[in-house]
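Structural description and commentary
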Amino acid sequence: DNDPFLYPAETYLETICPKNVYQLQTCQKSPDTNIPACLIIPLDAAFQDGMGPHIIVLKEFLASLEDMVDGMGSGILTDFGLMYVAARLGAEWSLVVSHLGLKQAEIEQIQLDNPYKTINQTSIALQKWRDRQKERADSTLLKQLFDALDETDYKSLWDEIEEK
C-alpha cells in the first residue's frame, strides 16, 4: 500500500500454481479485479489436464482487455481463439477436425507428435485447418466450424462462442 509499484514476485516465483486455482485477486484496493493465475504463478508443466480452464480464463481476460481498449473481440479464428475451442472440445476433438477436412493420417501424426497433450493436439489440428483455408473469408470458416460442431453434437459450444 505504501509503494504500489513494488510487487513481491519472489514469493510467487518460488511456488507452483495450486490445482483448481485459475484467478487471483492481486490488489487489495480493487477486490473485484482478478488476474488469471497463470500470469502470476508458474504452472506445473506436468499437470496437462488442468490447462483447459487456465486457457479459458486467460482468453476471457485478454478479450476483456481488448474490449476495453478498442471495443473489438479477438476473434475465434485467431490462434488463441482456436485454443479456447480446443480447451472446450475434449477427447472427441478428432471427430470435429475430421468434419473440417483433416485426414485420419494427419490426425494420427498430430497425436504422435504431441502424446498425452489433448489440448495441444486439438489446437494444432484446428490451426492446420484454418491455415489451409487462408483464401476463404472468415465468415465461411466460421460456418464450416459451426457445421462441424453441430454435426458432432457440440452445438452448445458454438452457442457459448456466440455469447462471447
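Everything quoted here is computed from the prediction, not taken from an experiment.

**With respect to the overall build of the chain**
Scanning the chain from terminus to terminus reveals eight helices and two strands. In the chain, the succession of helices and strands from N to C terminus is α-β-β-α-α-α-α-α-α-α. A burial count over the chain gives 34% of its 164 residues as buried. Considering only contacts in the chain between residues 6 or more positions apart, those separated by 24 or more positions represent 58%. Of the roughly 10300 Å² that the chain leaves accessible, carbon and sulfur atoms contribute 53%.

**A look at the confidence of the model for the chain**
On average, the chain scores 80 in pLDDT, and the residues at 70 or more come to 80%. At the level of individual helices and strands, the chain shows its lowest average pLDDT in helix H1 (residues 9-13), which scores 66, and its highest in helix H5 (residues 104-113), which scores 94. In the model, residues 67-74 has pLDDT below 50 throughout and makes seven contacts with residues more than four positions away in sequence or in other chains.

**Remarks on the nonpolar core**
Counting residues in hydrophobic clusters, the biggest one holds 29 residues, and the most contacted among them are Leu89, Leu126, Leu149 and Ile161. Among the elements of the structure, helix H2 (51-70), helix H3 (79-89), helix H4 (93-99), H5, helix H6 (118-132), helix H7 (138-151) and helix H8 (155-163) are those that each provide at least two residues to this core. By residue number, the principal contributor to this core is H3, which donates six residues. Once residues lying within four places of it in the same chain are set aside, the contact partners of Leu149 are Leu89, Val96, Tyr154, Lys155, Leu157, Trp158 and Ile161. Ile35, Ile40, Ile41 and Phe61 belong to the second largest nonpolar core, which has seven residues in total.

**Thoughts on the packing of H5 against H6**
In the contact formed by H5 and H6, the axes pass within 9 Å of each other and the chain directions differ by 135°. Taken together, the axes of H5 and H6 are oblique relative to one another. For the element pair H5 and H6, the recorded crossing hand is right-handed. Listed contacts from H6 to Glu106, Ile110 and Gln111 of H5 are Gln121, Ile124, Ala125, Lys128 and Arg132.

**A look at the side chain of Gln133**
Mapped onto the elements, Gln133 comes out in the loop between H6 and H7. Those residues in contact with Gln133 that sit more than four places away from it in its chain are Leu141 and Gln144.

**What to know about the packing of H3 against H6**
For any two helices packed against each other, the geometry comes down to the angle between their axes and how far apart the axes lie. Where H3 contacts H6, the two axes come as close as 8 Å, and the packing angle between them is 130°. Classed by the angle they form, the pair H3 and H6 counts as oblique. For the pair H3 and H6, the sense of crossing is right-handed. Of the residues in H6, those in contact with Asp79, Leu82, Met83, Val85, Ala86, Ala87 and Leu89 of H3 are Ile119, Thr122, Ser123, Leu126, Gln127 and Arg130. Residue composition of the contact of H3 with H6, by class: eight nonpolar, three polar and two charged.

**A few points about the pattern of salt bridges**
The full count for this structure, using the stated rule, is six salt bridges. Note that Asp79 and Arg130 form a salt bridge whose closest N and O atoms lie 2.7 Å from each other. On the criterion of sequence distance, the pair formed by Asp79 in helix H3 and Arg130 in helix H6 is long-range, its members being 51 residues apart. On the accessibility criterion, Asp79 (40% relative accessible area) is partly exposed. Within the structure, one salt-bridge network assembled from shared partners comprises Asp79, Arg130 and Asp131.

About the thresholds
- Residues numbered from 1 in each chain as written.
- Predicted model: local features only at pLDDT ≥ 70, side-chain atom pairs only at ≥ 80, totals over all residues.
- Heavy atoms only, no water.
- Helix = DSSP H or I, 4+ residues; strand = E, 2+ residues; numbered from the N terminus.
- Buried < 20%, exposed > 50% of the residue type's maximum accessible area, 1.4 Å probe, protein only.
- Contact = heavy atoms within 4.5 Å.
- Areas by Shrake-Rupley, 256 points an atom, 1.4 Å probe, with all protein chains shown as cover.
- pLDDT = per-residue confidence, 0-100.
- Core = buried A, V, L, I, M, F, W, Y, C linked by side-chain atoms within 4.5 Å.
- Axes fitted to C-alpha atoms, helices over the stretch in contact; angles between N-to-C directions.
- Parallel < 35°, antiparallel > 145°, perpendicular 65-115°, else oblique.
- Left-handed = near helix turned anticlockwise from the far one by under 90°.
- Nonpolar A, V, L, I, M, F, W, Y, C, P; charged D, E, K, R; others polar.
- Salt bridge = Lys/Arg side-chain N within 4 Å of Asp/Glu carboxyl O.

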